[in-house]
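# Structural features, examined
Residue strings, one per chain:
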Protein chains: 2
Amino acid sequence: MAPKIKDVAKKAGVSVTTVSRVLNGEKYVKDDLKAKVKRVIDELGYAPSHIARSLVRKKTNLIGVIVPDLTSSFYSTILSSIEETASLNDYNLLVCNIIEDTDKELKYLNVFKEMRVDGIIIMHEKLNDEIRNFINKLDTPVIFSSVRPVDHKFVSVIIDDYEAAYDATRYLVDLGHERIAFIGGDMRDITSGQNRYVGYRNALKDQRVPIVNDYIRFGDYKTQSGYNLMKELLACEPRPTALFAVSDDMAVGAMNCIHDHQLKVPDDISIIGFDGSQLTELVRPRLSSMEQPIQDMGKITVNTLIELISDPAFSPREDLILGHKLVVRDSCRSIQ
Amino acid sequence: MAPKIKDVAKKAGVSVTTVSRVLNGEKYVKDDLKAKVKRVIDELGYAPSHIARSLVRKKTNLIGVIVPDLTSSFYSTILSSIEETASLNDYNLLVCNIIEDTDKELKYLNVFKEMRVDGIIIMHEKLNDEIRNFINKLDTPVIFSSVRPVDHKFVSVIIDDYEAAYDATRYLVDLGHERIAFIGGDMRDITSGQNRYVGYRNALKDQRVPIVNDYIRFGDYKTQSGYNLMKELLACEPRPTALFAVSDDMAVGAMNCIHDHQLKVPDDISIIGFDGSQLTELVRPRLSSMEQPIQDMGKITVNTLIELISDPAFSPREDLILGHKLVVRDSCRSIQ
């Protein structure tokens, strides 16, 4: 039988009110009484019910997080940073891994609502109407991290994906490449699909490098699609001399495909990835990549959400746009 | 203002009791009334409070999970499988990423207790006395996944780490190697530290292959330690012809070190890893590995925990030991 607050009060020889005051960190309790109550709490192993307390306080200290894919290096790193910052602020995470299953997402959003989470973090942008309606009707603050959905009602913590893709492409042009292939993302995604694609096109156009439709493919951000699409690109005549892939996972898939065809990176084909995930340092040659500040992204997402939670009047109308950074490693070469 | 149960009752023209019965899926409510109540619930956007319901039911449908490191490919894959199985059974996960911080772990265990989680999953084995005492006193079912702590009070879902390490080493011996180096884990860990080490030693002993202390190093399971320790092993005279590393991450670190020293895997040194994580397929040459059934491990962990939750009398005294499997890829060669 779990000890109750009155057991603590009895054993410490104080009133239930005093125990409650100690638990809630209120003033007006003498230090020696405080110490005594705390000692008894430890001895009895008493835990105040979070559930009962939540009912009174109307605050659960829970944050619901929707992750597209826990096994991707990008998302597990950002989740790790979110968890760290949340924990520092005494928030706990309810984690849902949706893997593109919108039914599951809707089910979890309902759970988040039922559980009265204080805030919700969403890390994908493929919202269907049902999900859009649902979150539009919620009282709970919602924030998007690393993506920006079409309707601009919510705050997003992102980089400028257009600029970042533009800069990555420009880097390959500056190295002297004129046959630059592109493996893009899902064109239903604004941030990681459309913006990165337009950045690639405009960088080529501005530098008067021909845009070749045959060099342009679209994948799903994962290694296998990078591998398969690279196979198609290797069959192009003439073969591209460089590739920009909009995720490190796809870039690594492409690298492996090139290796398996007895060709070399960067000797035969230069590759630049996108994200700056751990993978970039794990492969050989090490992968040059357009880096997102993944750690900061997680941290700023949680801190902004906490501001939204504690001050409903606080509403940054603007997205929070963090800086991107080109990190040059060993996968690109100059051909001038 | 969020709608309350009485608002639903009023609008549907029924009693609060009827609404409550519909919500709890009880019988004795006519189908047309049920439909009507459900329609009103949708219209008003009413969500029954999970908190209030938990107080009545004494069940939260929450599982607390302690993960050592979300960014490791092994743990993110097993967590993904745990999440999937939990979700199928209408359990939600509270996730804590401890990164060897025992204070943080203790804090979270307290949160789990306060939140009245229905069960707890722990994925590391370095329990200190404080944590051991805490979980020993808990009423909540606890299960260990992929590890087995020293004291055998709790159920673990694991492979036979000794046998698996023995078989991995034996594979290298069978390929004709006699100078077989070893990069082990933390010797404070029974499962992944000691058992794998003893498996390596005994396989060599049984095959009358000399055990050379200089070929034996201990790391922290991560890529960087594999890299650093391989550097030391490359300086040994004579150089080992093969390596068994007890995590894929360390094996990949070792591979990269060999590559950076202008040597080749498997031509100069054969490598076998341990875990069967996604990394094995992402590197070149692809990494042969002693595979743990990661997906099954997550699934069986959750299913067993749910049995423990629903039937307190159910107590499998035995650990659940799953099969390991040698998966041969391209990182080992025969030197006979």
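Residues numbered from 1 in each chain as written. Chains lettered and ligands numbered in written order. Predicted model: local features only at pLDDT ≥ 70, side-chain atom pairs only at ≥ 80, totals over all residues. Heavy atoms only, no water.

Per an unreviewed UniProt entry, chain A goes by LacI family transcriptional regulator and derives from Paenibacillus ferrarius.

### Topic: the interface of chain B and chain A
Put simply, an interface is often sized by how much accessible area is lost when its parts join up. Test applied: Here, residues are in contact when the closest pair of their heavy atoms is within 4.5 Å. We define buried area as the total accessible area lost by two parts upon association, computed with a 1.4 Å probe and summed across both. Basic side-chain nitrogens of Lys or Arg form a salt bridge, by our definition, when they fall within 4 Å of a carboxyl oxygen of Asp or Glu. Identification of polar contacts relies on pairs of N or O atoms within 3.5 Å, with a donor-acceptor requirement for protein atoms, meaning one able to donate a hydrogen and the other able to accept it, and with residues adjacent in sequence counted only if both atoms are side-chain atoms. Helix numbers and strand numbers start at the N terminus; a helix is a DSSP run of H or I with at least 4 residues, a strand a run of E with at least 2.
Taken together, the 48 residues of chain B in the interface contact 48 residues of chain A. Counting each side, the surface lost to burial between chain B and chain A is near 4500 Å², with a carbon and sulfur contribution of 53%. Applying the counting rule to chain B against chain A returns six salt bridges. Taking the shortest distance from any N to any O, the salt bridge between B:Lys104 and A:Glu83 comes out at 2.6 Å. Across the chain B-chain A interface, the total number found is 18 residue pairs in polar contact (both at pLDDT 80 or more). Where the side of chain B that touches chain A is concerned, the elements lending two or more residues are helix H4 (50-57), helix H5 (73-88), strand E2 (92-97), helix H6 (102-114), helix H10 (223-234), helix H11 (248-260) and helix H12 (279-282) of chain B. If you tally residues by element for the side of chain B that touches chain A, the top one is H5(B), at seven residues.

### Examining the sheet that holds strand E3 (residues 119-122) of chain A
Definition in use: Paired strands are those between which DSSP finds at least two bridges. Lines fitted to C-alpha atoms define the axes here, with helix axes fitted over just the stretch in contact, and angles between the N-to-C directions of these axes take values from 0 to 180 degrees.
Here 12 strands make up an open sheet; going across it, the order is E11(A)-E5(A)-E4(A)-E3(A)-E1(A)-E2(A)-E2(B)-E1(B)-E3(B)-E4(B)-E5(B)-E11(B) and the pairing mixed. With partners counted over all chains shown, the strands left at the sheet margins are strand E11 (320-322) of chain A together with strand E11 (320-322) of chain B, one partner each. For this sheet, the mean inter-axis angle between neighbouring strands, taken without regard to orientation, is 20 degrees.

### A closer look at the pairing of strand E4 (residues 142-145) of chain B
All names here are of chain B. As a reminder of what qualifies: Think of it in three bands: with a 1.4 Å probe and only protein chains considered, a residue is buried below 20% of the maximum accessible area for its type, exposed above 50%, and partly exposed in between.
Both faces of E4 are covered, namely the face carrying Val142 and Phe144 and the face carrying Ile143 and Ser145. As paired strands, strand E3 (residues 119-122) and E4 are joined by three bridges and run parallel to one another. Within E4, the residue paired with Ile120 across the bridge is Val142.

### Observations regarding the environment of B:Val16
Residues and elements named next belong to chain B. Tracing the backbone shows Val16 in helix H2 (residues 16-23). Among the residues examined, Val16 registers a relative accessible area of 38% and is labelled partly exposed. Between the alpha carbons of Val16 and Arg39 there is a distance of 15 Å; along the sequence they are 23 residues apart. Every residue in contact with Val16, bar those within four places of it in the chain, is listed here: Ile5, Lys6 and Ala9.

### A look at the side chain of B:Ser192
All names here are of chain B. As for its position among the elements, Ser192 is in helix H9 (residues 190-206). A relative accessible area of 10% places Ser192 in the buried class. At a separation of 3.1 Å, a polar atom in the side chain of Ser192 contacts the side chain of Glu125. Of note is the side chain of Ser192, whose polar atom sits 3.0 Å from the side chain of Tyr221. Excluding its chain neighbours within four sequence positions, the residues that come into contact with Ser192 are Glu125, Gly185, Tyr221 and Val246.

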